[in-house]
Amino acid sequence: MPSLESEIEGIIETFTNNLKQRKFKGSRDLALNSVQLWKKIIGQMKWQNARELMDTIKKIGKDLAETAPSETVIGNMTRRMLKIVRDEYAMLQKGKQEESDLQDSLQKILTADESDSDYTKNIPLLKPAIMEHIGEFLAELESSEIDISAQALEHIHANEIIMTIGYSKTVSAFLKSAAKNRVFQVIVAECAPFFHGHQLAADLAEARISTTLIPDSAIFAMMARVNKVIIGTHSVMANGGLKAVCGTHTLALAAKHYSVPFVVCAPMFKLCPEYVCSLDQDGFNQFVSPEEVLNNDEGKLVSKVNVYNPIFDYVPPELVTLFISNTGGNAPSYIYRLLSELYHPLDVQL
Amino acid sequence: MSSNKTSKSMSKSGSEVLKQEDVVLAVLIADSFSIRFAPVTDSKPKALLPLVNRPMIDYALESLLLSGVQKTFVYCVAHADQIRQYLKESKWMRSVSPMSIEVISQSPDDCRSLGDSLRDIDGKSLIRGDFILMSADVISNVQLIPILEEHREKRKTDKGIVMTHIFKKSFPGHRSRSAEEELVLAINPTNGRILNYQQTTNLKKLSFPLEMFKEHGLVDLRYDLVDTHISICSPVVLPLFSDNFDYQTWGDFVRGILINEEILNNTIYYHQLEGSYAAHVSNVPMYDAVSKDVIQRWAFPLVPDLNRSETTPRHTLSRHNVYKQPGVTLAKESVLERDVAVGENSKIGERTFVTQSVIGSRCTIGNDVYINNAYIWDDVNIKNNCHIEVALIADGVVLNEGVKIGRGCVIGPGVVLAAGTKIPDNTRLMAHPPKCDNDFETSDEEDDKVAKPFSADSVAYVYQRPVEEDSDAESLIDELWGLDIDEDSESEEDEDEDEADNDEDEEHEEEVDVGDLPEDMNARSFYNEVLESLQRGYEEKIKGDNLVLEINSSKYAYNVTMKEVNMLVIKAMLSLPSVMTKKAATGTNEDWVALRPILQHFLPVMRNYLKNNQSMLDSLEALEEFGVHNSHFVKSICKVLHFLYGEDVLSEDAILEWYTNPPNDPSALKTIRKTVEPFITWLEEAEEESSEESD
């Protein structure tokens, strides 16, 4: 990374170090922190024009994404930053022209390349405009959880039985918010081998929601009596498929079998413009230490068996009924549209 | 230098503003003080050897960084300049790094062990607080800060805590149990104190002091633990090493602390890892085991697909744990079966089969090659039809067509093997002829021996391990790598050499029978050490005080009682003439002629030890025992007694008391007591005279 001031390098180093030490709790925390990081970088960096700024953002963003290849949120936030720069530049360049029109028609999307200016003009007002926009975006991120849980009453009705899996902060807030007005039951699949479901069950029970904890193997058996499945996800892929905690695919298939609605709480920052072309795709899944599956002290066994411990499952979009984002409910088939609003097509490939 | 920056960014990030004394310190010893990896470590320090395409020191530093350590002292000895250079160019020394690093180097002549390095660090007085002590060849994902907190917490209840040592549970048969580091630990399960520590390699019997069981209501004896070579140390550890210059290894330290527990009230605690990974790459088989653990992701997040730096891109991971860096070329029908890592820009030829192996950067591997369980480092060129199974192949090796490498081989850097060469199992090869300065064999002989197994076009010489005291155990462990039990000609040769050596040693010992040497190994080694010190002391005319110091340190090292010290020192002195001239006592006057100057020289030593009546009795007992076993000595015993009496080493009372007590060995009555009778009567008369005079 040439010509980066050491101050900025220090900020990035601290961020990557926190990332490696797993200091960020959940993906919203990660999203918030990376946007704050970008705010600092853009604020402190010396740049002449938008082109230069975008090149640097791309370069740093690529590097950050390499540090934690499975954390799509980092890439998403980088793309959002680029989009903000583009929007503000266009805005100041063309006056008060509404930039979002540009992508409305297919023709305009196709010709976007030509109409795309080269971003080399030096606009002194650009920096404050970008900073303001980032500030708004931060506020949106911070309120995303509340915005989602505000919709809870529209989806959870009295005396329903809801099933969920593992631990998701969004789902926990969503259910608790509904519990303020409605009485319902929750069944939590424990999500072996990490057993994050235990934590959610404890949380919900504390909030006086009638909660049942079940092993993952009982998902299908319990599905018959369930009214709705509500889960969180790690990210939403470009086709509306999910990258979610291991075991979610099982849950989705069982829900499909019993025609139970499969609802996914996913704030907008989890939308990722990447496709899944193969389950072996680099950086899609993350394999952690097999320690949870097999104790490393098991003598001779360790050298005789191969143990894998993947974190994520891929759930194809046809198994998902509805996404609840902070802006409202959407069908999986509509994700492509949301994506084109969120990110600029040229930034999909960082 | 960079600490300012760190604290600045820390305070900026908000929540935790750290006080200066709370800085978490670590000491990383970047030398293992062993030659387990020779000849590879002849030109490269062990800390920089690649483990799954990454230098080992990187893993150690990364794990310290991930633990939240803020300052690390890297202490390097062998090839210190290389380590310094490497760190300088790496990301670790950048000013923005959250962990600051200071490199301390010392020449290998001044520092030969862990003990020496800690003494050196103490001398530099760099550390005032608790610190983490770790070896640079440790791969771990342990979160050390909670253990450090635990250590500090324990200090509240136990002021004498000097160390919390970290162990990992692994049942026997586990691949990451190093055969040379088998240990048994006695601990108090209620508070985690270590009560006894014994290394059990090649031991069939263990003994524990009875007091241990009496003192502590509950004692756990643990055989399922593996030493991780990570410890949390109180600052007092450093001066403890300085005060006891016989502490060389961690084991010495622990034994020393446990022996002096009552006096100094120092205690050592243990910590057993739960759910995290740590292993020490102590030798080649352990290198194999730890590489597999890293590839199979036990050491997560220290895995190849998350590790990267500016210079080396990360590996991508595909199923069955196959890792590839960018630029890898796989020809058609080549197979990477499972647990394989391939470095940057390496090429793998057609129909080549690779499984459970690591291939470094820029390697070229030909067609129809079979690679199983091999560790191939950078820039290696392997031509068609080679067969490699269970081997370590260092940088820049060239294997021409059809080379077959036997199991357990280590091929040193730069070796070139001609087409069709077959290397027998367990061979270690290097590219330059062995240095013969310390060997008595001439270089011609070496060359003959070396050139034989390989054709003339090869650049390869057999590496022979210098014979060490513990070479038996060592060679056994190395042979275990990838082999069941397989004897080959070379190891037999080795054994022969060893036997020859042993024979010589035994001869030495048989020449002088010093009498009842205790069965106890400690006392025996103590005796040998004292004998050595005395011999050197006499030959080099070393001052008595220094000798006393030396003997005392041996005393603590081997934990012998004061009585034994008195007896053994006397015995050693008496046997010195025959040890030095290598012939037994003749029974003539010459014996005394030879012995007298020696005793004369060692008078200060004797005066130091024989201060009270009891010690004098001990020495007389020793004298007697020596006489019983060396019949020729009896003739001189009277003269020795007279001399020692004359020099005021032995008091009259002691001699008389000894004489009146019945001897331990009845045969002494006839011989020794008889010979000394005239001396005793003379003594008694002299006493009477003097008492009369005084009256």
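Quantities reported herein were computed from a predicted structural model and do not represent experimental measurements. (Residues numbered from 1 in each chain as written. Chains lettered and ligands numbered in written order. Predicted model: local features only at pLDDT ≥ 70, side-chain atom pairs only at ≥ 80, totals over all residues. Heavy atoms only, no water.)

From N to C terminus, chain B includes 22 helices and 31 strands. Sorting the 695 residues of chain B into buried and exposed places 54% on the buried side. The contacts of chain B with a sequence gap of at least 6 include a subset with a gap of at least 24, amounting to 60%. When the accessible surface of chain B is totalled, it reaches about 31,100 Å², and 50% of it is carbon and sulfur. (Helix = DSSP H or I, 4+ residues; strand = E, 2+ residues; numbered from the N terminus. Buried < 20%, exposed > 50% of the residue type's maximum accessible area, 1.4 Å probe, protein only. Contact = heavy atoms within 4.5 Å. Areas by Shrake-Rupley, 256 points an atom, 1.4 Å probe, with all protein chains shown as cover.)

So, about the sheet that holds strand S8 (residues 312–315) of chain A. Residues and elements named next belong to chain A. Reading across the sheet, the three strands line up as S5-S6-S8 and stay open at both edges, with antiparallel pairing between neighbours. Every interior strand has two partners, whereas the edge strands, strand S5 (235–236) and S8, have only one. Sheet topology note: the strand S6 (residues 242–245)/S8 ladder contains four bridges and is antiparallel. From the neighbouring strand, Leu242 faces S8, where its bridge partner is Val315. Against the sheet, helix H12 (residues 248–257) touches S6 and S8, its axis set at about 30° to S8. (Pairing = 2+ DSSP bridges. Axes fitted to C-alpha atoms, helices over the stretch in contact; angles between N-to-C directions.)

This brings us to the domain arrangement of chain A. The figure often quoted for interface size is the accessible area lost as the parts come together. Residues and elements named next belong to chain A. The domains assigned to chain A are domain 1 (6–144) and domain 2 (150–342). Taking the mean C-alpha position of each, domain 1 and domain 2 sit 29 Å from one another. With 20 residues of domain 1 at the contact, the number on the domain 2 side is 21 residues. Both sides together, the interface formed by domain 1 and domain 2 hides about 1,600 Å², and carbon and sulfur atoms give 48% of it. The tally of links from domain 1 across to domain 2 stands at one salt bridge. Taken together, the elements giving at least two residues each to the side of domain 1 that touches domain 2 come down to helix H2 (26–44), helix H4 (72–93) and helix H7 (126–149). Looking at the side of domain 1 that touches domain 2, the element that brings in the most residues is H4, giving seven residues. The residue inventory of the side of domain 1 that touches domain 2, partitioned by class, reads five nonpolar, six polar and nine charged. (Domains from an automatic or database assignment. Buried area = accessible area lost by both parts, 1.4 Å probe. Salt bridge = Lys/Arg side-chain N within 4 Å of Asp/Glu carboxyl O. Nonpolar A, V, L, I, M, F, W, Y, C, P; charged D, E, K, R; others polar.)

Moving on, we get to the confidence of the model for chain B. Residue and element names in this part refer to chain B. For chain B, per-residue confidence averages 79 on the pLDDT scale, and 83% of positions sit at 70 or higher. Every residue in residues 469–476 is under pLDDT 50, and counting partners more than four places away or in other chains gives eight contacts. As a predicted assembly, this complex carries a pTM of 0.74 together with an ipTM value of 0.87. (pLDDT = per-residue confidence, 0-100.)

What follows deals with the interface of chain A and chain B. Counting residues at the interface gives 35 residues for chain A and 39 residues for chain B. Between chain A and chain B, a total of about 3,500 Å² is buried, with carbon and sulfur atoms accounting for 47% of that surface. Inspection of the region where chain A meets chain B yields two salt bridges. Where A:Lys20 meets B:Glu62, a salt bridge forms, and the shortest distance between an N and an O atom there is 3.4 Å. At the junction of chain A with chain B, the criterion picks out eight residue pairs in polar contact (both at pLDDT 80 or more). At the level of secondary structure, the elements contributing two or more residues to the side of chain A that touches chain B comprise helix H1 (6–20), helix H3 (50–67) and helix H13 (301–304) of chain A. With eight residues, the single largest contributor to the side of chain A that touches chain B is H1(A). Of the residues that constitute the side of chain A that touches chain B, the class distribution is eight nonpolar, 13 polar and 14 charged. (Polar contact = N/O pair within 3.5 Å; in protein donor to acceptor, adjacent residues only side chain to side chain.)

This part covers the side chain of B:Ser357. All names here are of chain B. When you line up the elements, Ser357 lands in the loop between strand S19 (353–355) and strand S20 (358–359). The exposure class assigned to Ser357 is buried, which follows from its relative accessible area of 0%. Within the local environment of Ser357, its side chain forms a polar contact with the backbone nitrogen of Asn373, the two atoms lying 3.1 Å apart. Reaching out from Ser357, the side chain makes a polar contact with the backbone nitrogen of Ala374 at a distance of 3.0 Å. When residues no more than four places from it in sequence are discounted, the contact partners of Ser357 are Ile295, Asp339, Val340, Ala341, Ile371, Asn372, Asn373 and Ala374.

With that out of the way, let us pick up the pattern of salt bridges. Evaluated as defined, the whole model comprises 34 salt bridges over all chains. When the shortest N-O distance is used, the salt bridge between A:Lys228 and A:Glu160 registers 3.7 Å. Here A:Lys228 is found in strand S4 (residues 228–232), whereas its partner A:Glu160 is found in the loop between helix H8 (152–155) and strand S1 (161–165), with 68 residues between them in sequence. There is no split in this pair, since A:Lys228 and A:Glu160 are both buried. Among the ionic pairs, B:Lys91 bridges to B:Glu62, the shortest N-O distance being 4.0 Å. One end of the pair, B:Lys91, is in the loop between helix H3 (80–89) and strand S3 (100–105); the other, B:Glu62, is in helix H2 (residues 56–67), and 29 residues separate them in sequence.

Residues and elements named next belong to chain B. Under the criterion given, the structure shown has 20 aromatic pairs over all chains. Between Tyr247 and Phe253, the aromatic rings sit 5.8 Å apart at their centres with planes inclined by 90°, giving edge-to-face as the arrangement. Overall, Phe253 belongs to the buried group, its relative accessible area being 0%. With centroids separated by 6.2 Å and ring planes inclined at 90°, the aromatic side chains of Tyr645 and Trp682 adopt a geometry described as edge-to-face. Of the two residues, Tyr645 sits in helix H20 (residues 634–646) while Trp682 sits in helix H22 (residues 667–694), which places them 37 residues apart along the sequence. Connected via pairs of aromatic rings, a cluster forms that spans Phe37, Tyr287, Tyr375 and Trp377. The ring of Tyr59 has Arg54 sitting right over it, with the charged end atom 5.3 Å from the ring centre. (Phe/Tyr/Trp six-rings, centres within 6.5 Å; stacked < 30°, edge-to-face > 60°. Lys NZ or Arg CZ within 6 Å of the ring centre and 35° of its normal.)

All names here are of chain A. Here H1 crosses H3 at 20°, and the two axes come no closer than 10 Å. The pairing of H1 with H3 is recorded here as roughly parallel in orientation. You can see that H1 and H3 cross each other, and the crossing is right-handed. Counted together, Ile12, Phe15, Thr16, Leu19 and Lys20 of H1 and Ile60, Leu64 and Thr67 of H3 form the full contact between these two elements. Broken down by class, the residue content of the contact of H1 with H3 amounts to five nonpolar, two polar and one charged. (Parallel < 35°, antiparallel > 145°, perpendicular 65-115°, else oblique. Left-handed = near helix turned anticlockwise from the far one by under 90°.)

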